[in-house]
Amino acid sequence: MTLATLLSRLDAKAHAAADWGAVAAYIPQLACVNPAQFAISVALADGSLVSAGQAKTRFSIQSVSKVFTLACVLSRIGESIWARVGREPSGDRFDSILLLEQEQGRPRNPFINAGALVTTDELLAGRAPREALSEVLEFLRVASGDDDIHIDSAVAASEQATGYRNIALANYLKSYDNLINEPDLVLGTYFHQCAIEMTTEQLALAGRGIAGLPGAPLLLSARKRRRLAALMMTCGHYDGSGDFAFRTGLPGKSGVGGGILVAVPGVASVAVWSPGLNAWGNSKVGTEAIETLAHKTGWSVFG
Ligand code: GLN
């Protein structure tokens, strides 16, 4: 079976789903998205891009942005970030405050909300919010080879108006001196990053560097991309990270907009989108599609 046929079958299977999961209702602008949507794109080592479903529909990348914020921090600032944030799975929800108190304000990893607030703060050090946001956008544009990537300001405003849990996390981090900037500034930048909208085609292309595909724009050293992928594998799906690794054998990073970016090192960069979420806040049908894709192709970092 060709990859194009396999992806078409995944699209058909998605549309036959009895349960698409529930959209992220805590962000008003995402609450009104129709869950019964699906797209998948695969960028391959030979430079080709194969897609099925609504691969040209833009969606809110949300926490998938956390990979690119960390990539920017590691590229420009470097390893000093690890003094402020850990590299262990949290085993808790993406927006949990629980461990922050036990661990004196040092978030477990950069892919939970508290950790991403710290990486965003680091990105902001010595620069204006607009510059920090441009850095992430520019990284995505260069990585994907597509300038047409923007922020959905309605989604950012929607989260800014209702993001009480993130506001609590930022204030809590500040109380432990683990934010350099004022919480409002960090939160505003963080919400805008999360509100970047992309298609699965653009996201799969943007992930080529992390997957180490030949021909991808060289934005990350081999060491950095391996480390990003290791964190995606261990922490990319919050308290569902073990389940995702078990089912797919691949590093992935999800977002509550229903997107997942998956790296198949040296082979492919995959982006899937379906807005309905499972109990962990990860795309339900998207995870199922990656599981089938990994099974049918034999793609796995475990050989
Ligand atoms: N912007 C969302 C939040 O901060 C991102 C969470 C996610 O995608 N898991 O709650």
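Coordinates for the structure precede this section.
Report on the accompanying structure. Just so we're clear, the structure is a prediction, and the values are computed from it rather than from any experiment. (Residues numbered from 1 in each chain as written. Predicted model: local features only at pLDDT ≥ 70, side-chain atom pairs only at ≥ 80, totals over all residues. Heavy atoms only, no water.)

**Some words on the site of the ligand**
Logical step 1: As a structural note, the neighbourhood of the ligand is formed by 13 residues, with Tyr26, Gln62, Ser63, Asn166 and Tyr190 the closest of them.
Logical step 2: Contact distances for the ligand include 2.8 Å between an oxygen atom and a side-chain N or O atom of Asn166.
Logical step 3: Val256 places a polar main-chain atom, nitrogen or oxygen, 2.8 Å from an oxygen atom of the ligand.
Logical step 4: In the complex, the protein chains occlude 99% of the 300 Å² of accessible area that the ligand would expose alone.
Logical step 5: Class assignment of the residues belonging to the shell around the ligand gives a composition of six nonpolar, five polar and two charged. (Near = heavy atom within 4 Å. Polar contact = N/O pair within 3.5 Å; in protein donor to acceptor, adjacent residues only side chain to side chain. Areas by Shrake-Rupley, 256 points an atom, 1.4 Å probe, with all protein chains shown as cover. Nonpolar A, V, L, I, M, F, W, Y, C, P; charged D, E, K, R; others polar.)

**Focus: the nonpolar core**
Nonpolar side chains in soluble globular proteins tend to end up buried together.
Logical step 1: Counting residues in hydrophobic clusters, the biggest one holds 56 residues, and the most contacted among them are Phe68, Leu117, Leu140, Ile196, Met198, Leu203 and Ile210.
Logical step 2: Sort the elements by how many residues they give to this core and helix α3 (residues 65–76) lands first, with seven residues.
Logical step 3: In this view, Leu117 contacts Asn166, Leu169, Ala170, Leu173, Leu179, Val186, Leu187 and Tyr190; residues no more than four positions away in its chain are not counted.
Logical step 4: Within the second largest apolar cluster, 26 residues are counted, among which are Leu7, Leu44, Ala52 and Ala268. (Core = buried A, V, L, I, M, F, W, Y, C linked by side-chain atoms within 4.5 Å. Buried < 20%, exposed > 50% of the residue type's maximum accessible area, 1.4 Å probe, protein only. Helix = DSSP H or I, 4+ residues; strand = E, 2+ residues; numbered from the N terminus. Contact = heavy atoms within 4.5 Å.)

**Examining the packing of aromatic side chains**
Logical step 1: Taken as a whole and assessed by the stated rule, the structure comprises six aromatic pairs.
Logical step 2: Measuring from ring centre to ring centre gives 6.1 Å for Tyr26 and Phe94, while their planes differ by 35°; the resulting arrangement is tilted. Remark: Phe94 occurs in the loop between α3 and α4 (98–102) and Tyr26 occurs in the loop between α1 (3–15) and α2 (28–31); sequence separation between them is 68 residues.
Logical step 3: For Tyr26, a relative accessible area of 39% translates into the label partly exposed.
Logical step 4: Put simply, the rings of Tyr26, Phe94 and Tyr238 pair up and form one aromatic cluster. (Phe/Tyr/Trp six-rings, centres within 6.5 Å; stacked < 30°, edge-to-face > 60°.)

**What to know about the pairing of strand β8 (residues 268–273)**
Logical step 1: Of all six residues in β8, six are buried; the element is thus mostly enclosed.
Logical step 2: The alternating pattern of β8 places Ala268, Val270 and Val272 and Ser269, Ala271 and Trp273 on opposite faces, both of which are buried.
Logical step 3: Two strands pair when backbone bridges link them, and strand β1 (residues 39–44) and β8 are joined in this way by six bridges, in the antiparallel orientation. Residue Leu44 lies in a different strand from β8, and its bridge partner there is Ala268.
Logical step 4: Sheet topology note: the strand β7 (residues 259–264)/β8 ladder contains six bridges and is antiparallel. Note on β8: the bridge partner recorded for Leu261 is Ala271.
Logical step 5: With antiparallel pairing between neighbouring strands as the criterion, β7 and β8 make up a hairpin whose turn holds three residues, including Gly266 at a positive phi of roughly 75°. (Pairing = 2+ DSSP bridges.)

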